[in-house]
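# Secondary and tertiary structure notes
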Amino acid sequence: MSHIIVARWRPRAGEEEKVAAILSALAPKIRAEPGNISFAAHRAKDDPNDILLYEVYESEAAFNTHRETAHFKTHVLGEAVPLLAFREVRAYSVDDSI
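Worth saying up front: this structure is predicted, and the values here are computed from it rather than measured.

## What about the environment of I51?
Its place among the elements puts I51 in strand β3 (residues 47-57). Separated by 46 residues in the primary sequence, I51 and I5 have C-alpha atoms spaced 14 Å apart. The contacts of I51, once residues within four sequence positions are left out, are A7, R8, W9, P11, V19, L23, H42 and R43.

## Overview of empty space enclosed by the protein
The method is simple in principle: a probe with the dimensions of a water molecule rolls over the atoms, and the space it marks as empty is what remains. Scanning the entire structure with this criterion turns up 1 cavity of 30 Å³ or more. The space that makes up the largest cavity amounts to roughly 120 Å³. Around the largest cavity, the lining is made up of 15 residues, and of these W9, L53, E55, F72 and V76 lie nearest the centre. Elements supplying a minimum of two residues to the lining of the largest cavity: β1 (3-11), α1 (16-31), β3, α2 (60-67), α3 (70-80) and β4 (84-93). Considering only residue class, the lining of the largest cavity consists of 11 nonpolar, 1 polar and 3 charged.

## Side note on the packing of α1 against α3
A packed helix pair is summarised by two numbers, namely the angle formed by the two axes and the spacing between the axes. One can describe the packing of α1 onto α3 by two numbers: an axis separation of 10 Å at closest approach and a directional angle of 160 degrees. Judged on the interaxial angle alone, α3 and α1 are roughly antiparallel. Note that α1 runs across α3; the crossing there is left-handed. Across the interface between the two elements, I22, L26, K29 and I30 from α1 touch H71, H75, V76, E79 and A80 from α3.

## Focus on the sheet that holds β1
The strand order across the open sheet built from 4 strands is β2-β3-β1-β4, with neighbouring strands paired in antiparallel fashion. The open sheet has two edge strands, β2 (36-44) and β4, and neither has a second partner. Recorded for the sheet is a direction-independent mean angle of 15 degrees between the axes of neighbouring strands. Where β1 meets β4, 9 bridges bridge the pair, whose relative direction is antiparallel. In the sheet register, W9 faces β4, and the bridge partner there is R87. Relative to β2, α1 is tilted by about 165 degrees, and along the sheet it contacts β1, β2, β3 and β4. Sitting on the sheet, α2 touches β1 and β3, and the angle it makes with β3 is about 125 degrees.

About the thresholds
Residues numbered from 1 in each chain as written. Predicted model: local features only at pLDDT ≥ 70, side-chain atom pairs only at ≥ 80, totals over all residues. Heavy atoms only, no water. Helix = DSSP H or I, 4+ residues; strand = E, 2+ residues; numbered from the N terminus. Contact = heavy atoms within 4.5 Å. 1 Å grid on protein atoms, 1.4 Å probe; cavity = no way out; pocket = protein on both sides within 12 Å on 5 of 7 lines; lining within 4 Å. Points joined across faces, edges and corners; volume = space filled by probe spheres on them. Nonpolar A, V, L, I, M, F, W, Y, C, P; charged D, E, K, R; others polar. Axes fitted to C-alpha atoms, helices over the stretch in contact; angles between N-to-C directions. Parallel < 35°, antiparallel > 145°, perpendicular 65-115°, else oblique. Left-handed = near helix turned anticlockwise from the far one by under 90°. Pairing = 2+ DSSP bridges.

Structural data, given as structure tokens:
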């Protein structure tokens, strides 16, 4: 069953372009992971500092493997998170009853 991650990031004032550059460097690495189905970063039309990340993994185990990669630890935890004023991460699964 697919494991879906929806994250919202808001960079601190003045850090927006640094965060965008980190995501730009990170995206191809995530998309190349064996268990990743898709990764997309979006900016809100009415507020470009509201960033939405949408990630789909083959399974929760594949997502957990993603969180152990060097690029996640370096780029997300080490570089991006310290530049954020807000970060929310929610996990979803496909519900065939809806």
